[in-house]
Amino acid sequence: MRHLNNQSGFLTSDFLFALTLSLSMSAVVFGICYSLVAFQATQYVVFSASRAQSAGDVSPETQAQLARAKYNSLISSGALNILYNNGWFEVSNAAAVDIRSGNGSNFNNEYPDPVPRAINQGVRTTLFARLLELRLPFVGRIESEDGDGFSVRVVSMLIREPSMEECVQFSKDRVQAIWSLRGTQWSTFNRNGAIDTPWEDNGC
């Protein structure tokens with residue numbers, strides 16, 4: 001009877017349960033906060049790659065190559081390399097990055113708009129958050145519905161400047177359109193499409 005009246009350690013089990021549950025919830029909050037940090041870093045990476053693509057260059061292909069090079073240099077450098085290679089987070093490699101340069105290659109189908117826009121072009125990558133795949137005491141394993149892990153597509157859309165190749169072609173097409181105005185009215189100035197002094201100001 002003396003042992004039954006001894007209540008020392010009565011709350012130990014409750015304390016351990018509450019402590020374990022608190023640590024589990026803290027792990028979830030940490031995972032979410034750190035994932036938001038990784039998301040912001042990835043947003044900066046795709047923005048920088050999209051900005052590299054948006055600057056005028058020789059051709060759209062060259063602009064896309066510059067975007068891939070910028071993307072690869074960022075995810076391979078310093079702190080970002082550690083972030084994406086610690087087993088917690090992973091992003092698409094440079095070869096798998098989705099680059100849309102316009103001229104029919106854009107994100108209109110993925111991001112529909114009531115008003116069709118030709119400017120939905122840029123760079124998109126996929127961020128995988130392995131950190132969120134937790135196995136917690138009393139809670140169990142946290143996993144995505146499809147079982148493929150937690151992932152999000154991060155995109156940056158900037159208006160790409162016309163390349164030199166596109167501007168030259170635009171100028172040639174404009175000249176041909178002028179010759180065709182009002183039938184043959186301007187045909188006397190047409191020297192088989194030759195232009196004495198062709199130029200472009202990147203405003204096409």
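Just so it is clear, the model here is predicted, and its values are computed rather than measured.

Trainee: Could you clarify how one ought to interpret the overall build of the protein chain in this entry?
Mentor: What the protein chain contains, in helices and strands, is four helices and six strands. Going from the N terminus to the C terminus, the protein chain shows its helices and strands as α-α-α-β-β-β-β-β-β-α. Counting all 204 residues of the protein chain, 29% fall into the buried class. Here the analysis covers contacts within the protein chain between residues at least 6 apart in sequence; of these, 69% occur between residues at least 24 apart. Within the structure as shown, the protein chain displays about 13600 Å² of accessible surface, and the carbon and sulfur contribution to it stands at 58%.

Trainee: Before we go on, may I ask you to explain the nonpolar core in this structure?
Mentor: Taken as a class, soluble globular proteins show a tendency for nonpolar side chains to be buried jointly. By size, the foremost hydrophobic cluster in this structure holds 24 residues, and its most contacted members are V45, Y71, L80, L83, Y84, F89 and L127. Not counting chain neighbours up to four residues away, the residues in contact with Y71 comprise V45, V46, A49, V91, S92, N93, A94, V97 and T125.

Trainee: Is there a simple way to explain the pairing of strand β3 (residues 122-129) in this structure?
Mentor: The two faces of the sheet receive side chains in turn, since in a regular strand these alternate between them. Of all eight residues making up β3, seven are buried, and the element is well covered by its neighbours. Where strand β2 (residues 98-100) meets β3, three bridges bridge the pair, whose relative direction is antiparallel. Across the sheet, residue D98 finds its bridge partner in β3, namely R124.

Trainee: Explanation requested: helix α4 (residues 164-179) in the structure shown.
Mentor: The end-to-end C-alpha distance of α4, which contains 16 residues, comes to 23 Å, matching closely the 22 Å that a straight helix rising 1.5 Å per residue would cover. All buried positions along α4 are accounted for by C167, S171, V175 and W179. Each buried residue of α4 lies within a common arc of 120° when the element is viewed along its axis, so the set occupies one face.

Trainee: Before we go on, may I ask you to explain the environment of N81 in this structure?
Mentor: Its place among the elements puts N81 in helix α3 (residues 78-83). You can call N81 partly exposed: its relative accessible area is 31%. The contacts of N81, once residues within four sequence positions are left out, are I75 and S76.

Trainee: I'm lost on a nonpolar patch on the surface in this one. Help?
Mentor: On the surface, F15, L16, L19 and L23 cluster together to form a nonpolar patch covering roughly 410 Å² of accessible area. With relative accessibility at 47%, the residue L16 sits in the partly exposed group.

What counts and how
Residues numbered from 1 in each chain as written. Predicted model: local features only at pLDDT ≥ 70, side-chain atom pairs only at ≥ 80, totals over all residues. Heavy atoms only, no water. Helix = DSSP H or I, 4+ residues; strand = E, 2+ residues; numbered from the N terminus. Buried < 20%, exposed > 50% of the residue type's maximum accessible area, 1.4 Å probe, protein only. Contact = heavy atoms within 4.5 Å. Areas by Shrake-Rupley, 256 points an atom, 1.4 Å probe, with all protein chains shown as cover. Core = buried A, V, L, I, M, F, W, Y, C linked by side-chain atoms within 4.5 Å. Pairing = 2+ DSSP bridges. Expected span 1.5 Å × (residues − 1). Arc of directions from axis to C-beta. Patch = residues over 30% accessible without salt bridge, like charges linked within 9 Å, V, L, I, M, F, W, Y side chains within 5 Å. Salt bridge = Lys/Arg side-chain N within 4 Å of Asp/Glu carboxyl O.

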